[in-house]
Each structure stands twice: as C-alpha cells, then as structure tokens.
Amino acid sequence: MGQRIFSPGDDGSFFHMYDVIVVGARCAGSPLAMLLARQGHRVLVVDRATFPSDTISTHFIQQAGLSRLKSWGLLDRLVATGVPPIRRMNFAYTGIELSGFAEPIDGLTEVYAPRRTVLDAILVDAARESGAEVIEGFAVEELVYDNNDRVAGVRGKVVGEEEQKEFRSQFVVGADGRNSTVAELVKAEFYDVVPAACFVYYSYFSGIEWEFHHQTDYNHQQIGTWPTHDGQMLCAVMRRKGRFHEFRANAEENFHSIYDEIVPELGQDLRDNGKREEQLRPMVYPDNYRRRSNGPGWALVGDAGYHKDPFTGLGITDALKYTEVLADKLHQGLAGDQPIDEAVAEYVAHRDEDSRGSYALTTSISELELTPFFDSVFRATSRSEHFKSRFFTMLGGGIHGDEFFAPDQLEKLYDEVDFPADKRLLSPS
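Described in the following lines is the structure provided in the data block. Small disclaimer: the values here were computed from a predicted structure and weren't measured.

Examining the environment of Ile365
Mapping Ile365 onto the fold places it in helix H11 (residues 356–365). In sequence terms Ile365 and Arg178 are 187 residues apart; their C-alpha atoms lie 21 Å from each other. Sequence-distant contacts of Ile365, that is, excluding residues within four places in its chain, are made with Tyr93, Phe311, Thr312, Leu370, Phe374 and Phe378.

Observations concerning the packing of aromatic side chains
Taken as a whole, this structure holds 29 aromatic pairs when the rule is applied. An angle of 55° between the planes, with centres 5.9 Å apart, marks the rings of Tyr93 and Phe311 as tilted. Pair noted here: Tyr93 is in strand E4 (residues 89–93) and Phe311 is in the loop between strand E20 (306–307) and helix H9 (315–334), with a separation of 218 residues, a long-range link. Like Tyr93, the residue Phe311 is buried in the burial classification. Ring geometry for Phe199 versus Tyr201: centroids 6.2 Å apart, planes at 85°, classification edge-to-face. Each of the two residues, Phe199 as well as Tyr201, counts as buried. One aromatic cluster is present, formed by Phe60, Phe91, Phe212, Trp226, Phe373, Phe374, Phe378, Phe391, Phe392, Phe404 and Phe405 through successive ring pairs. We note Arg290 situated over the ring of Tyr359; from NZ or CZ to the ring centre the distance is 4.7 Å.

Description of the environment of Asp19
The residue Asp19 is located in strand E2 (residues 14–23) in this model. Counting along the chain gives 21 residues from Asp19 to Gly40, while the straight-line C-alpha distance between them is 9.9 Å. Within the local environment of Asp19, its side chain forms a polar contact with the side chain of Gln170, the two groups lying 2.9 Å apart.

Quick word on the pattern of salt bridges
Tallied over the entire structure, the rule returns 35 salt bridges. A salt bridge links Asp120 to Arg26; its shortest N-O distance comes to 2.6 Å. Of this pair, Asp120 sits in helix H4 (residues 116–130) while Arg26 sits in the loop between E2 and helix H1 (29–38), and the two are 94 residues apart along the sequence. As far as the burial class goes, Asp120 and Arg26 line up, both buried. Across the pair Glu252 and Arg276 runs a salt bridge whose closest N-O atoms are separated by 2.8 Å. Linking Glu252 in helix H7 (residues 251–262) with Arg276 in strand E15 (residues 275–276), this pair joins segments that are 24 residues apart in sequence. By relative accessible area, Glu252 is classed as partly exposed at 33%. Residues joined by salt bridges that share partners form a network here, namely Asp54, Arg115, Glu278 and Arg281.

Cut-off values and rules
- Residues numbered from 1 in each chain as written.
- Predicted model: local features only at pLDDT ≥ 70, side-chain atom pairs only at ≥ 80, totals over all residues.
- Heavy atoms only, no water.
- Helix = DSSP H or I, 4+ residues; strand = E, 2+ residues; numbered from the N terminus.
- Contact = heavy atoms within 4.5 Å.
- Phe/Tyr/Trp six-rings, centres within 6.5 Å; stacked < 30°, edge-to-face > 60°.
- Buried < 20%, exposed > 50% of the residue type's maximum accessible area, 1.4 Å probe, protein only.
- Lys NZ or Arg CZ within 6 Å of the ring centre and 35° of its normal.
- Polar contact = N/O pair within 3.5 Å; in protein donor to acceptor, adjacent residues only side chain to side chain.
- Salt bridge = Lys/Arg side-chain N within 4 Å of Asp/Glu carboxyl O.

Set out below in structure tokens:
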C-alpha cells in the first residue's frame, strides 16, 4: 500500500501529497477511494458531512448496482443490516399494469432499498479499510492549481474551525452531488439538459406491510412504496412541478389524498394503520443534466456530473457502475499505461453512451404521461409474461435498453400479443 508523502509548496511549506483526492464520500466517492486504494494508490476522501448521516434519497439499488457491491465484498455487509429483500414489483402507468421481477442478474434474485445512514456508512468504512484516508466534516473551499493551470489539490476547513488546510494530489475528483463544489469551481458546463417535470414528497411509515408499488394515474400524479430498514415502508408521492406550492400548503392531507385516489385500499390502510416515523421530506429536483466531467487534473462522478429524475431508481446504481469505470481509468493513468487525462476522457465517453437510453427513458416517463411509443410498447408488454420479465431485467441492468427496444424485438412482442397494427410503433420518432 502506498504511503502518504509530503510535497513542498511554492512558499516552502510542506503539504500532504496524494495520488487522488476525492471530494464527497457517499455513493460515488467512497467506492472510488476504496477501489483506488485497493490498487495501492494514495487516496484522500473528504466530505463536509460526518457518518453515519442521512441525505435526501429514494434509496433504491437495482441488481446492476448490487452486483458491484457483491464484487467488492460489501453486499453481505448490507444484507446483514436487516434491509428487507424486494422480489416483486408492481408498476401501473395510466392504466397499464406490469407486475413481476427481473431474471437473475449475477446470481441476484432480489433488490434492496437501504437507508442512507446504513449504506453510506458501509461505503465510508470500506474506503478506510482499504487504506484510503477519510476526513469527515471537511468543506472544500478552493482548488489548488499548478503552474500549468492544472488542478493539483484542494483547500478547505474542518467544519467549525478557522484554519484552512491544503492537500495536494495528482488528480482531484468531485463526487459531491448535484450541488458539487468541484463542478462549480472548475465551471463545468451543463449539456443534454431536460427540464425537471415533477417534485416528490416522501417519508417513512411503520404499521403497514406492502409490496413494491410504483403507480401513476391519469392526473399526472404517482405513488411509490418500498420496504426499507427497521420494519418501515418508504412512501412517496410525485406530482407535476407546477403544483408544488399548492401541495405544500397542506402537505399531509395532499400526501394521503394521492394514495386515496390512485390505490384506495392502500390509502385507507395508510390512514388506518400507518404511523409516520419522520417528517415529510420534499425533493424539488433540479433539471436533468449531464455536466462536463473531465479536464486537466479533475473529473466528476455521480450526481456531480450526471443527474436524472429518480423515477427509474437508477441514481445509486449508476453512481456505483460508473465509479468503477472511473477507478479503472484513473488506475491506468496513475500506472502510466496512458495519459491520465486521456484515460479519464474515456470514462466520460463511456458513461454518456452507456446511459443514453436510460436517460431518454427516464426523462420521458417522469413526465407522468406516456408518449405514443412508450404507451404502445408498455401496453403490449403488459400482455406478455416473457416480455414483462425482459422489462424488469432491463430496469435491473441485465439487458441494455437498446436490446429491449430494438425494432426486431418489438415486432416479436407485437406479434406475440396480437397487438393492433395501427399501434405497432417501433421507434420514438
């Protein structure tokens, strides 16, 4: 394992020197630090939060994300915390019902929705165990640049202290979420921006035992429910963004009324037996976006560089998947196999191409209104057990969206269920 070394600054003082500094220690940052440290690199990860601590999240991890935890030796730790498995999903979208589950992916036959107080603490601990140095409660304020205008470190303060500290490195990664300080400091531009359609309110309820539900009606509103830690259900509602102030004026009653309208039996059970254990939490998301995620000496990962609506539950999974890609590319650069900035640019290209289909799907269906193409595909899928399984396998990450939505596959689907000829759409356009 590489040892921390010291490097002289321009004024003759000495600074801690690392191979990589990671800003942000949650679902993208700690795994990145862990993977790099396991390969012998000197890594520092800092976060303004301390752990365990909560953050706004819908918690859901698809099979593709769990597969990463499994390969890193962390899935058993998560399961041991008592997070309940989810083995059946119930989707309803404007009268189209899809229930079932994915085929096994990497041997995984269930998914989980852990509390972030649990998941993030596991990831931070794993980073430390790998040999990475972790500083909690540290807020980055500035980036350090070398004489070639290349990012070469960070400056900041431990929360509550006045003295600024400086750390140097060969590379800096911003894994600090959609309000990323690193992204702001490097002036990373947005692209592929799609305006956010909705807002979310959610909380945790005891006293109810439900399956996974994700149901949308014809009035541009939705409910989502899934089990999490401590015998509780995460219960969420979603509405179009323009109705946020109206909702907030009487959030408690409006929250219950959406359940009453979409699934009356769940609404009644929630009123009669559900006990809200925490406050209602609003999520007013920013627009969907990608952000320039690499430059001289720096990169962005997780929501810092790529964010989309939580509707498809891919946020944590994508953070884990693309963090692994970035770790591989940084290792190649640090090992001298290719220039590090060139290697990191390949990570960004891979992320954007690999997520192209899921980004388009998410930004479309999160409008809470299906396009004619998705209406036809999902309506036909609801009539086929085989294609329902493929649909859930696509969501879980077992097959790529390009494969599920391929015209030849859609033709097979339409033929199998004898779908009306005038509704057989093979592409979104």
